[in-house]
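# Overview (structure and organization)
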Amino acid sequence: MIVARYLAGHLMTVSRRSAPRVDLEKLENIDEIWALCFRKPKPGWRLFGRFLAQDIFLGLRMYDRNELGSVENYTRLAEETVGDWDARFKGIPPLRSNNLTDYLSGEMYRDVDEPI
């Protein structure tokens, strides 16, 4: 299970832009919304959330991949996560950075955006 791998510090694939078959991705053009991608059983699930601090991901909304459907619907539901954050954590901004190491520490991830 992807959450167990994340919590145990096991290797995960990560992208700061939409990429196929990654475990954790930052959604493009949506303010600091990340998706933890559960791929099995198919069609999988997506847990939308934000990082509060390094290694602290707070999942706020979870959807069956079929429920997300089109790109427009996927984007709309992901954007609603911003409002969820604001309602729950008034005045506390999510972590913002251009460096993946600010989000994730150690060697628990492989950045698929970087060449090997």
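Details of the structure are given in the entry above.
Read on for an overview of the structure. Numbers given for residues are sequential positions, taken from 1 along each chain in its written order. Local features in this predicted model are restricted to residues of pLDDT 70 or higher, and side-chain atom pairs are both shown and tallied only at a pLDDT of 80 or more, whereas totals for entire chains, interfaces and linings draw on every residue. Side-chain metrics rest on all non-hydrogen atoms present in the structure, leaving aside hydrogens and water.

## Remarks on the environment of tryptophan 45
Take tryptophan 45: it is sitting in strand S4 (residues 45-53). When a residue's accessible area, from a 1.4 Å probe over protein chains only, is under 20% of the maximum for its type it is buried; when over 50% it is exposed; and in between it is partly exposed. Residue tryptophan 45 is classed as partly exposed on the basis of its relative accessible area of 37%. Helix numbering and strand numbering both begin at the N terminus, where a helix is a DSSP run of H or I of at least 4 residues and a strand a DSSP run of E of at least 2.

## Thoughts on unusual backbone geometry
In the segment running from lysine 40 into proline 41, the intervening peptide bond is cis, with an omega of -5°. Looking at the element boundaries, proline 41 is found in the loop between strand S3 (34-38) and S4. A cis amide bond links lysine 42 with the next residue in sequence, proline 43, at an omega value of 10°. Look at arginine 21: it is not a glycine, yet its phi comes out positive at around 60°. Checked against the element boundaries, arginine 21 lands in the loop between strand S1 (12-15) and strand S2 (24-26). Of the residues examined, arginine 21 reaches a relative accessible area of 69% and is grouped as exposed. You will see that glutamate 32, though not glycine, has its phi angle at about 55°, which is positive. Relative to the helices and strands, glutamate 32 resides in the loop between S2 and S3. Among the residues examined, glutamate 32 registers a relative accessible area of 7% and is labelled buried.

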